[in-house]
Structures are given as C-alpha cells and as structure tokens.
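Structural description and commentary
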Amino acid sequence: MRPGPAEEISAAISEGMIPAHVYGDPEVFELERRNLFPRTWVFLGHTSEIPHPGDFVLRRIVDDSFIVTRDDTGRIGVHLNMCLHRGMQVCRAEMGNTRMFRCPYHAWSYRNDGSLAGLPFHDEAYGGEEGLSRDRHRLVAPARVETYNGLIFAAVEDPGISLEDFLGDFRFYLDLYTAQSESGLELRGPQRWRVNANWKIGCENFVGDMYHTPYTHRSVVDIGLFREPKAHKRKEGVLYHCGVGGGTTYKLPPGDFTERMRYVGYPDIMIDRMAALWSEPQRRMVGDDGFMVSAATLFPNLSLVHNWPIVREGEDVVPFISLRQWHPVSATETEVLSWFAVDAEAPDDFKADSYKAYLMCFGSSGMFEQDDIENWVSITTAAAGSMAHRLQLNSRMGLLHDGGQVGRPLDDFPGPGFARVGYGEFNQRNWLQMWSRHLFPPGAGDTTGRDTGGER
Amino acid sequence: MTGTTSGSGGKFRTSLPHDDPRHLIAHHFLNEEAALLDAAAWHLWLELLTPDITYLMPVRVTTMADTDPSTLGTHARMDHFAEDLYSLRKRVERLSGGHAWTEDPPSRTRHLVTNVRTFTAETDPPVPEPTGVGAVVEVESALLLFRSRGDDRPPEFLSAGRRDLLRHTEHGWRLAHRSVTVDESVLRTQNLAILL
C-alpha cells in the first residue's frame, strides 16, 4: 500500500527535510484541522482581556468559534458559539460585557457561564421542564479549559494531559515573558489581519530562526532602531528547546543580573520584582550567562517575542513583549492575532513607551513583522504549485551527513531542555516532528511523545 | 454656516461651504499629499508634518450596537499606528533604504481621497485671521487605498475615514494630527508598510 501523506511527511521530517507542499496543500491542512488542532492545548486568550464579571472575547480554534467568558462569579469559561436549537451563533461581537447571550433567531438565552437561562414559550411549545429541562442544557464546551499565568488554553478533545504537564519545563522560559511580577501580564489588542501565508511558517520562524535576522531584518538595523549596529550578533545567542516549546535569545554584554536587565531597558523597580520572583537558574541564565529571551513558539501556534528598540531620538532602548497567534484559516491563509503584553505592575510611563516599542517593531504595521510576512507569503505562493510535491526543503542546518552535529549542546546551561550557541535548525526540526506526529489520527502512526515534545 | 445638529446618529456637524478659503486650502493640501504618497515621495511627505505630529490608526473591534466603547477594558484600546515624528521618520528611512523587502518590488498605490469636509477649529490663543499663521482647520476625508503588488495576487483595498488637523505654520500649512478610522476589524492586507 502506498503510504499516506502523513507517513511520507513524517519520514522526510525525521531526515530534516520538509516536503515543500506542506505549506500550501489543502490535503495537509485537512489533516491538521482534523487531527492536530482538536487534540492538543490551543491558546485562546488571557485573563486580563476579560477582567470583570460578564466580560467576554470571541476566539477560534480553526473554524470553531468559542466565547471566552468571565461569568458572574468571576470564573473563566469557554463555550462553543452555537445555539443548541438551530445552531445560530449566539455571540456576534468580538468583545463586550454581558450577562446573557441571546440567540437572535428564536431567542434562546444563555447565561455567561454557558447555561441555558430561558427560551420563549417554554411551556406551550416544549411542555416546560418535562419536555426540555433547562438545567440540563448548556452551550457546548471544549473537553478541557485550563489557565497558566493568566494564559487561557482549551483542548477541544481531551489530550490526556493537563495544561501544566503539557507545558512542562517550557514554563521556565514562558515565565520570563509572562511572570515579571506577581500580577503577571496585561494584554492590549489584538491587532488582527489576514495574510496569504501558511500558519506553520510563523511558528517555525519564531521557534528558532536566528539565521534570518541579519538579512530579513537588515532595514531595521540600518535605521538604527537597535543599540547593536550589527545584526550578526544574533549568532552569539543560544537556541533552547524544551518539550513543547523553544526559542531564541540574545547574548548581552558583560554585567550582573541588574546591569543586564538595565541594558535591555527595564527600570530598577521592575528588575527588583523579577529578581525576587524568578528562580535562581532563571536569574543565572540572564545574570551570569547573559542570555535574554527573544522569540519563542509554544506548540502548536502561539509565539512570543521580546525585544528592545529605541523609541525616541537619542534615548535608551525600551523592551516590549508581544504574544501572537498564527490562526489557521486555510492552507494558504493565516489570521495573525498580535497582542501587546506588559507586566501589570510596570510604571505607567514604561507601559506607554513599551507600547510604542511594540508598534514600531511588530504587529500589522511593525517594521520587523512586515518583512517576515513578506517571506512567508512568498513561500506559501510557491508551495501551492504542483512542483512543490517534488521538492523537499533543506531544514538540516546543524546536522552533518554522517549524523553528527555542528557544535554541541551546552553542558552548563541553567535552563531545562537543550541549549546551543549559534545558528541551527534544531528547534524547527523539533517543532516539525511534533507537528508531523499530530497529523495521524489517534492510534495510528508513531505518536510517541505526541504532547510532550521531541528530541535533542 | 458651521454648527451642529442632533440627528439619529448623535452629534452631526455641518461642514464649511466648499467655497470657503479654509476648505479650499484643506482640500488642496489633501490632494497634494495623496500625490506625494502615491509617488512614494516619502521624504517630501515628512516635510508636510509638524514636529509635534500625532498619527493614529486605532484597531476597530466588532461590538454589539448597544455596546458603549468606554465600557470595554483597556485591553481593547489598541492601534495599528500610534506614531510621532520620530517613528514616522524611521518608517520612511526604512522604506527608502533599499532593504525593506516587503516593498521591493514596491506596491502600486492609489490614495483616492473624497468626501472632504472642513470645519473651523479653535486655537489657543485665538488667531484673528482665520487662515493666518497659527490658524488651524479640521478636515475629514474618506480614503480608499488601492494597493497592488507583484503579479500573482489580487489587489487589496483599505477603506478608511480620516480626521486631520492642519496648522498654518510659518513654513506653510502642515499636518499636525491625523486619526485614521479604518473600516475593517480584520485587515485584509499583508501589512501596513504604507501610509494612509
């Protein structure tokens, strides 16, 4: 029997080669839609987006629309945006505050915890509770909803692993972005825009592509947005990968923890909080080793970025954090959701400057993002051609023909997982291997370690 | 003939007559500016801005008709652009530097500016001559931006309203503030490597 697309893709990926059609093939998208997205933890939003009882935002997992609510008791819930009666979308606003979602078709009404509150002519049309028990009806929920550091995730079907276990030791790195104080992040946004690019390319770019920075982002270095005049400083950073996530770092100039945090633009009051909150190895990664987190991706489609541009002529740099989701629309279209994120306890003037730093660099108008997406659209256009079925893209950076590796992982890196200095596609291969394992339906193919990440 | 009337949409203002000198100045300014943008004459465009320019393009969100925007949390206050002269200058430097790949090959754009409505604007201190140095006029316009790039993708449109403040400086009329109200909540364009 001829192997199916999932088998062929999986075999190529294990050799570090990527069948080019995976970036534009509707058949592959169908495997992702059916086997990947419903069966793993997917990011939906952050608790700071719905701070008050009744607040809600509308988010999607592929083509399922979910209302993410904070109910009257303050609890977070996720409800399928589909009336139990005729399937109408009961919520058609992307955000707001309400006690009740009322279907405009026949006026079935749901509380903000998803439970059915009422329906017209309950007695006359349904025979009251005997015909249709309101207590036993509620909007459909995904199998699991859990939060970590305010990040809300849902799994449509039970992935058989808690969110904390899924995140595993990647939390060490996630915390550096999302826990800069006890209060955690507050998000603004998202900016949303649709691009003719496959969703995977952004994930791979953020998980470990330090190699593109010097050329793709040359214009941003040219105009002096950064303190460093040379983009190839990028190769002095480490790539780290740990279970379901991986990312890139910059190597900072010599100094201790405080000096290095100041170098990227944090005020002392924030540095003190991070020093108090972060573990000794987390502080050591920045303070002793001088590695500062930059881009990262958490499987499947949430990326994070941290950078520090100059936001005013002749002044110092200011750091910003962005969360971004590569929401798959089709094999050739992605909706980008890009949030500005900042520590909730940061001083107001820091928040304002950090927001400006974000807008200049990332998001719909961001000067980094513009050139990134240019590449991804171009790849997707080429990958939709029939010849893309005959081309395997070389994703073997860091591997030798004899199976050896260029360089080796650091022995004494303070963080979990593996870390290595310089360019390499180790992280992308890890992400791709995890992705390819998810193309198979449950029980088929090699799904070992499906949700706990890959190899070194 | 300026004033406000209350209609079903709330406060509705009547614009200056189209033969008012302030309207003629504002309309001329917007057309000249559009010509510079379509010619990618970015540096000349920068010269039209006051040093204290604020250039905003808030993100539009889809809310129910009865939602009071002020009840949405701070998270909802997001922009596509929130620029000052420094960041606009950096964007122009980038686009002109030869390494901004997303605009190489460049977009072919057409800034279609219509529905120009001019209003008097208060100044502090008041200017005796309505078009004299120091005077400010407020001008609203509709913008349909056509953008075509390369040869294998359909062109894109961005529809937006603009509210501008023009100030008469000693160097001539300059743009002191622009607020762009885009008509989509999810932009159908690859990026905003363009100016509106």
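Residues numbered from 1 in each chain as written. Chains lettered and ligands numbered in written order. Predicted model: local features only at pLDDT ≥ 70, side-chain atom pairs only at ≥ 80, totals over all residues.

**Let's talk about helix 13 (residues 367–383) of chain A**
The periodicity of an α-helix, 3.6 residues per turn, causes residues three or four places apart in sequence to face the same way. Its 17 residues place the ends of helix 13 of chain A 25 Å apart at the C-alpha level, agreeing with the 24 Å of an ideal helix rising 1.5 Å per residue. Within helix 13 of chain A, 12 of the 17 residues are buried, which leaves the element mostly enclosed by the surrounding structure. Of all the residues in helix 13 of chain A, the buried ones are Met367, Phe368, Glu369, Gln370, Asp371, Asp372, Ile373, Glu374, Trp376, Val377, Thr380 and Ala383 of chain A. Its buried side turned inward, helix 13 of chain A meets strand 12 (185–195), helix 6 (199–208), helix 7 (213–216), helix 8 (218–222) and helix 12 (348–361) of chain A together with helix 3 (85–96) of chain B. (Helix = DSSP H or I, 4+ residues; strand = E, 2+ residues; numbered from the N terminus. Expected span 1.5 Å × (residues − 1). Buried ≥ 20, exposed ≤ 12 C-beta atoms within 10 Å, placed from the backbone. Contact = placed C-beta atoms within 7 Å.)

**Some details on the sheet that holds strand 8 (residues 109–111) of chain A**
Hydrogen bonds between backbone atoms are what pair the strands of a sheet, whose relative direction is either parallel or antiparallel. Residues and elements named next belong to chain A. Strands sit in the order 7-8-9 across an open sheet of 3 strands; the sheet is antiparallel. At either end of the open sheet lies a strand with only one pairing partner, and these are strand 7 (100–102) and strand 9 (116–118). Neighbour-to-neighbour, the strand axes of this sheet turn through a mean angle of 35°, independent of strand direction. Sheet topology places strand 8 next to strand 9; 2 bridges connect them, and they run antiparallel. Bridged to Ser109 within strand 9 is Gly118. (Pairing = 2+ DSSP bridges. Axes fitted to C-alpha atoms, helices over the stretch in contact; angles between N-to-C directions.)

**Examining the environment of Met82 of chain A**
Residues and elements named next belong to chain A. Considering the arrangement of structural elements, one finds Met82 in the loop between strand 5 (76–80) and strand 6 (95–97). Taking the C-alpha atoms as reference points, Met82 and Leu400, 318 residues apart in sequence, are found 52 Å from one another. Excluding residues that lie within four positions of it along the chain, Met82 makes contacts with Gly87, Gln89 and Val140.

**Examining the sheet that holds strand 11 (residues 151–155) of chain A**
Residue and element names in this part refer to chain A. The strand order across the open sheet built from 3 strands is 2-11-10, with neighbouring strands paired in antiparallel fashion. Two strands bound the open sheet, and with one partner strand each, they are strand 2 (42–46) and strand 10 (144–148). Adjacent strand axes in the sheet meet at a mean angle of 30° when their direction is disregarded. Where strand 10 lies against strand 11, 5 bridges are found, and the strand directions are antiparallel. The residue bridging Glu146 from the neighbouring strand is Phe153, located in strand 11.

**Focus: the domain arrangement of chain A**
Residues and elements named next belong to chain A. Each assigned domain of chain A is listed here: domain 1 (42–147) and domain 2 (167–437). Facing the 7 residues of domain 1 at the interface are 9 residues of domain 2. It is strand 2 that provides the largest number of residues to the side of domain 1 that touches domain 2, a total of 3 residues. Looking at the side of domain 1 that touches domain 2 residue by residue, the class counts come to 3 nonpolar, 2 polar and 2 charged. (Domains from an automatic or database assignment. Nonpolar A, V, L, I, M, F, W, Y, C, P; charged D, E, K, R; others polar.)

**What about the interface of chain A and chain B?**
With 41 residues of chain A at the contact, the number on the chain B side is 40 residues. Broken down by secondary-structure element, the contributors of at least two residues to the side of chain A that touches chain B are strand 6, strand 12, helix 8, helix 12 and helix 13 of chain A.

**Regarding unusual backbone geometry**
Of note, the amide linkage connecting Gly189 of chain A to Pro190 of chain A takes the cis form, showing an omega dihedral of 5°. Structurally, the position occupied by Pro190 of chain A is in strand 12. Within the chain, Ala107 of chain A stands out as a residue other than glycine whose phi angle is a positive 70°. With respect to the secondary-structure elements, Ala107 of chain A resides in the loop between strand 7 and strand 8. Within the chain, Ala40 of chain B stands out as a residue other than glycine whose phi angle is a positive 55°. Position of Ala40 of chain B relative to the elements: it lies in the loop between helix 1 (21–38) and helix 2 (42–46).

**Quick look at the pairing of strand 12 of chain A**
Residues and elements named next belong to chain A. By the criterion of burial, strand 12 is predominantly enclosed, with 10 of the 11 residues buried. Bridge analysis of strand 12 against strand 18 (residues 333–343) gives 9 bridges, and the strand direction is antiparallel. By the bridge assignment for strand 18, Glu186 is matched with Val342.

**Here's the deal with the environment of Phe37 of chain A**
Residues and elements named next belong to chain A. Note on placement: Phe37 falls in the loop between helix 2 (26–36) and strand 2. The class of Phe37 is buried, set by 22 C-beta atoms lying within 10 Å. Considering only alpha carbons, one finds Phe37 and Glu7, 30 residues apart in sequence, at a separation of 19 Å.

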